[in-house]
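Spelled out, the chains give:
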Amino acid sequence: MILTKAQYDEIAQCLVSVPPTRQSLRKLKQRFPSQSQATLLSIFSQEYQKHIKRTHAKHHTSEAIESYYQRYLDRVGKNGAAPVLLELANEVDYAPSLMARIILERFLQEHKETPPSKSVINSLLRDPSQIPDGVLANQVYQCIVNDCCYGPLVDCIKHAIGHEHEILLRDLLLEKNLSFLDEDQLRAKGYDKTPDFILQVPVAVEGHIIHWIESKASFGDECSHHAYLHDQFWSYWNRFGPGLVIYWYGFIQELDCNRERGILLKACFPTDIVTLCHGAAAP
Amino acid sequence: MPGVGPGGHPVAALGRTRPSRRINPTPVSEERSLSKPKTCFTSPPISCVPGGQPSVLDSSPWGQGPAAGCRSLQEEREMLRKERSKQLQQSPAPACPTPESGSPLPTRTGSLTAEPADPAKVSSRQRLELVALVYSSCIAENLVPNLFLELFFVLQLLTARRMVAAKDSDLEPSPGVLDSLESPLFQSVHDCVFFAVQVLEHQFQVLSYLDKGTLKLLAENERLLCFSPALQGRLRAAYEGSVAKVSLAMPPSVQAVSFQPETDNRANFSSDRAFHTFKKQRDVFYEVLREWEDRHEEPGWDFEKGLGSRIRAMMGQLSAACSHSHFVRLFQKQLLQMCQSPGGAGGTILGEAPDVLNMLGADKLGRLRRLHERLAAPQSSCRPCPLTSFPGCQGFFRDFILSASSFQFNQHLMDSLSLKIRELNSLVLPHPEPSDEDGESDVDWQGERRQFAVVLLSLRLLAKFLGFVAFLPYRGPEPPPTRELQDSILALRSQVPPVLDVRALLQQGLRAHRAVLTVPWLVEFLSLADQIVPMLDYYRSIFTLLLHLHRSLVLSKDGEGEMCFLNKLLLLAVLGWLFQIPTVPEDLFFVEEGQVDVFEVDTKTAEHGLDGVPVVDQHLLYTCCPYIGELRKLLASWVSGSSGRSGGFVRKITPTTTTSLGALPLRTTQGLQAQLAQAFFHNQPPSLRRTVEFVAERIGSNCVKHIKATLVADLVRQAESLLQEQLVTQRQEGGDPGQLLEILCSQLCPHGAQALTQGREFCQKKSPGAVQALLPEETPAAVLSSAENIAVGLATEKACTWLSANITALIRREVKAAVSRMLRAQGPEPAVRGDRRGCSRACEHHAPLPSHLISEIKDVLSVAVGPRDPEEGVSPEHLEQLLGQLGQTLRCRQFLCPPAEQHLAKCSVELASLLVADQIPVLGPPTQHRLERGQARRLLHMLLSLWKDDFQVPVPLQLLLSPRNVGLLADTRPREWDLLLFLLRELVEKGLMGRKEIEACLDSLHEAQWPEHLSKAQWILSSVFRTTLKWSGCSGGPSSHLSNY
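Note that the structure is a prediction, hence the values are computed from the model and not measured.

For the rest of this paragraph, the subject is the layout of surface pockets. Its volume calculated, the second largest pocket comes out at about 2,300 Å³. Lining the second largest pocket are 49 residues, with Ala188 and Lys189 of chain A together with Asn265, Arg813 and Glu814 of chain B positioned closest to its centre. At the level of secondary structure, the elements contributing two or more residues to the lining of the second largest pocket comprise helix H10 (183–189) of chain A together with helix H12 (261–264), helix H13 (272–295), helix H30 (686–733) and helix H33 (781–826) of chain B. Per-element accounting of the lining of the second largest pocket gives the leading share, 16 residues, to H33 of chain B. In terms of residue class, the lining of the second largest pocket is built from 18 nonpolar, 12 polar and 19 charged.

Below, the structure written as structure tokens:
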């Protein structure tokens, strides 16, 4: 699903200050029925993450934390069964899972002598049953299952999607008889930067030579694409030459501007592949 | 010689200012300048002024005689300053002061129409003929510093448009000048052309080696035809016979230096930190390079401002010496890759008729813009002696060095450049195949020539940068102001050892008759020297050697043992260029040192010297000396009638050769066997030797890789299984992983000895086939078998040397890596390990994707946990379908990764908890909001079977009895707990959980702090469960029991 910048902006416009719940997602799908769900979810998630990055700091001042915690305590005191934490997150326009983390951390500070380590908090978020306070455990769990942009479940889904598309790509490469080295093999050889696949014999896609392929199970928006260019794609180019990036959930058309320079974008596995013919290899 | 006489020449008295040919004239003592005038044979070219302003000949010794004596340096500098400011302002003022007086002067300005030249109107034929003869002899004997400068001058005369009349009074012979010789040599355009054609006739041999375009323009020149039809005929024939063409190469896109695990992986770094720092640096380096590529042509963009701080920040991170050497290697490789390939220096065409369309077709608009800029702002100089420059991509590397301004970097760079120069300079290069007159080995020969060209161009590039960095600290715009200061600087500098012993390399080169390789790069190196360098004894002796070499390169000498013509021409061109470099003292060329005893220069080539092999072709000549192209431009401007246009922009010429150097031949071996092998190769074609060395090098290297992949990999596998055993015992006893590693290594390393045997076998097996495949079919059997044996020997030597030195360390490293891999895998997620079943062979991988399922189950969980809209709910069919899909996904394991499976397991347990607590809102008529018991049991059965049969990770069933999930029951009445009890009993029966395990979970429930009503519920639950289990097997079932509460 390749979108023009204008199409993308239209979608992004609808996502300003929308909480990351399944209800919001349902509305978005109704608003843009022609777009694929996965693309919409990916854009939603990215836009929401941008929003959180912008506002993250203001939720982490000690005053804010204290105020959230007090509000939480007041409200659960009145009714522990109500979705207190979730509503609090929505009220202050913050991700439920992240709000759960703030309150949990604050709670543990109060109940333990030593400040809780990050890994302890992570493991409690993964398994809220371990939280010593039953009410908080329920509240946290509710936040996590209701958050569609953050939290351990969402992380796992994202990881799984990435993994699945790598497998998909691997199968397609095998099917096309293109021999490659995968990330694990490259790492074992000590490569410092490893794309998903390096082709052992380069091919031409739409007339451009490519040496490597990177699979991205997300939508390629400006922000993420520039970050990827800086951290990954150019690094691959710096080591292995030109290559191909597949954004399975589409990308903004205008970003595919580095073809001549050696970074090609596609939203699916390419069909126009030219391989080196046997016997024609001699110069 | 007219006008050359010491002192008393009238022209000197006229006080005309002669513009400096040099930018930084070296002061020369008055005496010397009088006794040995330097300008006698260096005909200063006629200057041109951009913008079509009328100009005049600055001063020709032929017309006016040189300015006697040197003007004070101060004056000259003042002039220079003016000159520079003029250039900056692009002011249309003349390039040199208008003469106050003078005789008629030829002018070349385009705005004036050319005066026709007529042989019949030549004024003093005989005198001109004589002077032309003497002049030509001087050129032929290399008594002029720069051959091409003279040719340029002659062509300027040929294409002079008309004479500019000087003031009438000056036409009168000065008092006391009665000798007819003292009258101007060139009194008309006819004289100029006549003289020029005379000289060209003498220089025909050199002309015939010029490029096709120049030959064509010369042959088409109507004046030349008019004055010497014979010469025109010869030129035409030469033009038609010339096959040399210079092709337009495609401009290459920047290619990065590829990552090679052998040199670039972690094992090559001292620490993880150094490795990761370098990883980042590589990326910053290319980021900077890309930005430069994008922006350096933008007006107002400044390298230092744009990139300087980023470069310095990056260099600042290169703390360890080893990182510096890594970075320098990258830098140097990238330099060679970008600047040696065509277009790297900004490729342009050279040929018969530059085809602009063709050129544009092959390039992008950027090139057009650059071209336009060059045409729009030509430099004022039009002499074929440009200053050293860093064209195209070279500019990036120069500016990078300047901006980095890192002492460590420069030092490492110099080390690395020196090493590479030595290596390439001593490379064994092809000798002619003795019996290959028939062109059979033409392919080979082309390849060998190309190899020479690549090596030469690489050397020149490296040497230029070495010179740049080495003399960087000493270079300044001005020479030392006083003699005393200069002496003290000399005293200091003479103690500093040279960065590379170029003198020794030059001497070796001359002795081995490899001047054609060594001199061109040495010239590049010296061209970047500072003003003090030529005064240092060490470098002075180099200049002396070069001067003697120059004098000895007489082009007309031809015969046995002589250096090839184009080889000589290349050396003359580069040396001539060097002698015109501003930092090289002007008098250097004309001062007889007389100390040739340093080294006797001998151009007689030894049997196998490179100098005697025609390694230089026209293309290489023009590539190394693009300024020779100025001759063509001069002639072209005559045709086009716009001399101002052609002025002096230096064309860069694209090198033909693009191939990499490839594997360098091994230089190895000692002892008698080695001598025998050498002797064997001596009388064989050089390709045989290269083949054998190549095969040996590759097989040796492959052998090492093979041993790594077989023997070492086996040992690693053994280590893994040993470790597995150890870990089992260790878990009980407790032990140190470090110790474990030592034990393993001590057990396994002795096996490394097998490597040598296996390596020998490998080389023995593989080498002969490779040699056979690469040598001609017709190779005599004895030669073939010797070649095979030598290849086997060399390969074995290479492999075994490496193996015996490194095998133990290699095994250690690999075992260590395997151990740490295993220990890591053991650590946080033991669930990931263990035997894993794949999908069945018939599986077509059509099962739903795990990510989709997690997402679906998450939705169900969120609806169940709430908050939810009134219309939200889950249909029982949907739940059933979901569990069915989960089963499919778990059985097709194609897309499943352990973390996803773990989350699925956990979600399924959560789902079960919601089921038993009857918390799942069901879609349907409002009366029925709850799941039917039967449906719930069916779903639980499905879950039980998934847990038992399909999950391959441990399912966290204890979560069913976590306080939170038991808490869900609090809303229901105890008699509705039958589903939980059913589930628990099934778990026990299916062996998914033990009774004790369940009881432990129930016990721990008591420890949690709960509201009172929940505590009571737990108490009830645990007692009910205990009772139920005692009952199990009885027909009544638990539900009847529950109703008692």
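There's more to say after this.
Let us now look at the packing of aromatic side chains. All chains considered together, the criterion is met by 42 aromatic pairs over all chains. Measuring from centroid to centroid gives 5.2 Å for phenylalanine 396 of chain B and phenylalanine 397 of chain B, while their planes differ by 85°, and the two rings are edge-to-face. Phenylalanine 396 of chain B sits in the buried class, given a relative accessible area of 0%. Over the aromatic face of tyrosine 474 of chain B sits the side chain of arginine 493 of chain B, whose NZ or CZ is 3.5 Å from the ring centroid. A cation over a ring is seen here: arginine 964 of chain B above tyrosine 141 of chain A, with NZ or CZ 3.9 Å from the ring centre.

Most often, soluble globular proteins keep nonpolar side chains buried together rather than apart. All names here are of chain B. One finds Phe327, Phe400 and Trp947 to be the most contacted residues of the largest nonpolar core, which totals 312 residues. Counting residues per element, this core draws most heavily on helix H20 (residues 442–471), at 15 residues. In this structure, tryptophan 947 is in contact with Ser908, Val909, Ala912, Val955, Leu957, Leu983, Leu987 and Leu992, ignoring residues within four places of it in sequence. Leu723, Val771, Ala787 and Ala795 belong to the second largest nonpolar core, which has 43 residues in total.

A few words now on the pattern of salt bridges. Working definition: two side chains of opposite charge can pair if their charged atoms are close together. Considering all chains together, one arrives at 47 salt bridges over all chains under this definition. Look at the salt bridges and you will find they share partners, linking Glu206, Asp256, Arg259 and Lys266 of chain A into a network.

In this assembly, 47 residues from chain B lie in contact with 44 residues from chain A. Surface buried jointly by chain B and chain A totals about 4,100 Å² across both partners, of which 56% is contributed by carbon and sulfur atoms. Three residues stand out in chain B for area buried against chain A, namely Arg290, Lys858 and Arg964 of chain B, and they jointly supply 18% of the buried area on that side. The interface formed by chain B and chain A contains five salt bridges. The salt bridge partner of glutamate 293 of chain B is arginine 261 of chain A, with a shortest N-O separation of 3.1 Å. Among the secondary structure elements, those contributing two or more residues to the side of chain B that touches chain A are H13, helix H34 (850–865), helix H36 (898–916) and helix H38 (963–968) of chain B. Partitioning the side of chain B that touches chain A into residue classes produces 22 nonpolar, nine polar and 16 charged.

Omega for the peptide link from glycine 866 of chain B to proline 867 of chain B comes to 0°, which places this bond in the cis form. Tracing the sequence through the fold places proline 867 of chain B in the loop between H34 and helix H35 (876–891). One non-glycine residue, aspartate 93 of chain A, adopts positive backbone phi at about 60°. Mapped onto the elements of the fold, aspartate 93 of chain A is located in the loop between helix H5 (84–91) and helix H6 (96–111). A relative accessible area of 24% means that aspartate 93 of chain A is categorised as partly exposed. Positive phi is not limited to glycine here, since glutamate 206 of chain A has a value of about 50°.

Enumeration over the complete set of coordinates arrives at 18 cavities of 30 Å³ or more. In this model, the largest cavity occupies a volume close to 110 Å³. If you go around the largest cavity, the residues you meet are Leu125, Arg126, Pro128, Tyr141, Ile144, Val145, Pro152 and Leu153 of chain A together with His903, Lys906, Cys907 and Glu910 of chain B. Counting only elements with at least two residues in the lining of the largest cavity, the list comes to helix H7 (118–126), helix H8 (134–146) and helix H9 (152–175) of chain A together with H36 of chain B. No other element matches H36 of chain B, which puts four residues into the lining of the largest cavity. Across the lining of the largest cavity, the residue classes break down as eight nonpolar, one polar and three charged.

With that out of the way, let us pick up the environment of glutamate 220 of chain B. With respect to the element layout, glutamate 220 of chain B can be found in the loop between helix H9 (212–219) and helix H10 (222–227). Spatially, the C-alpha atoms of glutamate 220 of chain B and glutamine 232 of chain B are 7.9 Å apart, while their sequence positions differ by 12 residues.

Residue and element names in this part refer to chain B. Within the element layout of this structure, valine 554 appears in the loop between helix H24 (537–552) and helix H25 (565–579). What makes valine 554 buried here is its relative accessible area of 5%. Spatially, the C-alpha atom of valine 554 lies 9.3 Å from that of leucine 572, the residues being 18 residues apart in sequence. Not counting the four nearest positions on each side in its chain, valine 554 is found in contact with Ala140, Glu141, Asn142 and Lys568.

Definitions and cut-offs
- Residues numbered from 1 in each chain as written.
- Chains lettered and ligands numbered in written order.
- Predicted model: local features only at pLDDT ≥ 70, side-chain atom pairs only at ≥ 80, totals over all residues.
- Heavy atoms only, no water.
- 1 Å grid on protein atoms, 1.4 Å probe; cavity = no way out; pocket = protein on both sides within 12 Å on 5 of 7 lines; lining within 4 Å.
- Points joined across faces, edges and corners; volume = space filled by probe spheres on them.
- Helix = DSSP H or I, 4+ residues; strand = E, 2+ residues; numbered from the N terminus.
- Nonpolar A, V, L, I, M, F, W, Y, C, P; charged D, E, K, R; others polar.
- Phe/Tyr/Trp six-rings, centres within 6.5 Å; stacked < 30°, edge-to-face > 60°.
- Buried < 20%, exposed > 50% of the residue type's maximum accessible area, 1.4 Å probe, protein only.
- Lys NZ or Arg CZ within 6 Å of the ring centre and 35° of its normal.
- Core = buried A, V, L, I, M, F, W, Y, C linked by side-chain atoms within 4.5 Å.
- Contact = heavy atoms within 4.5 Å.
- Salt bridge = Lys/Arg side-chain N within 4 Å of Asp/Glu carboxyl O.
- Buried area = accessible area lost by both parts, 1.4 Å probe.

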